[in-house]
Amino acid sequence: MAATPPRTPTSDQMALIHQSRLMYFRHMGSQSSDAAAAPPEFVRLAAHPLRWRLLTELGDGDLRVRELVERVGEPQNLVSYHLRLLRGGGLVTARRSSFDGRDSYYRLDLERCAESLTASGAALHPALRQTPSPPGRPVVYSRTRRVAVLFVCTGNSARSPIAAALLHHHTAGRVTAASAGTSPKPQVHPHAVRVLRESFGIDLSGRRTQHVDDLVGRRFDHVITLCDKAREVCPGFGSRQVHWSMADPGAGDTGQAGYAAFQHTAADIDTRIRYLMPVLNTPETVARSEP
């Protein structure tokens, strides 16, 4: 029996086949295009109005949920939900309060934000791929007096003297940087002296601790608490006050493992100081610093 020859598609059938192929490839192309056009995660996270507001509020300092609720004027469950998303994206971190273990302080990871912003620019265009430069522009000061910053922790033996020494170091002494404690210890911790000497070339030996009450009456443009307990009892100086929630590196091992905690704390404070310096350089700050 002879084989039946293949049927030749009609012109209408050929048109239908051609149209189906175009639709298929157009669909596949749109999937690829959609994937390429998806905005970077930082843009997706930060573009939401409430999340952007939370980021900007945390840019001022570490805050608890109830404080963020007061600032943004939104329900706590909604604020907590968006904080969870920001933490998942690595833009915000949380640390349990050493004053009240039921509370947590939320912190903006400025280094991660800088990296994410740079990556977002590169995703838009290769020419926007830039390496983020560390902050720390020369500080502009009032002609009449220098900007004054006070760092406060509980013992004035680790966090606050490290912060004051680093700010003084990075600004070549052009900022008045002081430190004090709400319950000062007899002397600065030896590991604090060592880490400043070995990591930054700063000599803090012989420095004495002091009580924050001894500074009442002095004028400071910025008061920065680095201890959750000290934040609750620090006297007001009529100045801009922010909080950096940091664990006490002197609360653990006194040996080499304990020294590693001081190295971590000093590096963390150094990052914070470098991001503080441009804040001191803003015209608004200079105007407030004038008598």
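Just so it is clear, the structure is predicted and the values come from calculations on it, not from any experiment. (Residues numbered from 1 in each chain as written. Predicted model: local features only at pLDDT ≥ 70, side-chain atom pairs only at ≥ 80, totals over all residues. Heavy atoms only, no water.)

Asker: Account for the confidence of the model for the protein chain, with residues named and values stated.
Answerer: Looking at the protein chain, the pLDDT average stands at 83 and 79% of residues meet or exceed 70. Here residues 282–291 is modelled with pLDDT under 50, and outside its nearest four sequence neighbours on either side it reaches 19 contacts, counting other chains as well. (pLDDT = per-residue confidence, 0-100. Contact = heavy atoms within 4.5 Å.)

Asker: How would you summarise the nonpolar core if you had to cite specific residues and measurements?
Answerer: One broad trend across soluble globular proteins is that nonpolar side chains are buried collectively. Formed by 32 residues in total, the largest nonpolar core has its most connected members in Phe151, Ile162, Leu167, Leu196 and Trp244. Taken together, the elements giving at least two residues each to this core come down to strand E4 (148–153), helix H7 (159–170), helix H8 (190–200) and helix H10 (256–280). Sorting elements by how many residues they give to this core places H10 first, with eight residues. Those residues within four positions of Ile162 in sequence are excluded, and the remaining contacts are Ala192, Val195, Leu196, Phe262, Ala266 and Ile269. Formed by 20 residues, the second largest nonpolar core is a distinct cluster that contains Val69, Leu86, Leu108 and Cys113. (Core = buried A, V, L, I, M, F, W, Y, C linked by side-chain atoms within 4.5 Å. Buried < 20%, exposed > 50% of the residue type's maximum accessible area, 1.4 Å probe, protein only. Helix = DSSP H or I, 4+ residues; strand = E, 2+ residues; numbered from the N terminus.)

Asker: Would you mind going over the packing of aromatic side chains in detail, with residue names and values included?
Answerer: Here the structure, examined in full by the defined rule, presents two aromatic pairs. Relative to Trp244, the ring of Phe151 has its centre 6.0 Å away and its plane inclined at 50°; by these criteria the two rings are tilted. Of this pair, Phe151 sits in strand E4 while Trp244 sits in the loop between strand E7 (240–243) and H10, and the two are 93 residues apart along the sequence. As far as burial versus exposure is concerned, Phe151 and Trp244 are alike and both buried. Between the aromatic rings of Phe220 and Phe237, the centroid separation amounts to 5.6 Å while the plane-to-plane angle is 90°, which identifies the pairing as edge-to-face. Placement of Phe220 in the loop between H8 and strand E6 (222–225) and of Phe237 in the loop between helix H9 (228–233) and E7 is noted, with a sequence separation of 17 residues between them. Its relative accessible area of 2% is what places Phe220 among the buried residues. (Phe/Tyr/Trp six-rings, centres within 6.5 Å; stacked < 30°, edge-to-face > 60°.)

Asker: Please provide a residue-by-residue account of the pairing of strand E5 (residues 176–181), values included.
Answerer: As paired strands, E4 and E5 are joined by six bridges and run parallel to one another. Paired with Leu150 across the two strands is Ala178, which belongs to E5. Assessed by its sense of winding, the connection that carries the chain from E4 through H7 to E5 is right-handed. (Pairing = 2+ DSSP bridges. Right-handed = clockwise from strand over helix to strand, strands pointing away.)

Asker: Please give an account of the pattern of salt bridges that cites residues and values.
Answerer: What the rule picks out here adds up to 16 salt bridges. Bridged by salt links that share partners, the residues Arg64, Arg66, Glu67, Asp103, Arg231 and Glu232 form one connected network. (Salt bridge = Lys/Arg side-chain N within 4 Å of Asp/Glu carboxyl O.)

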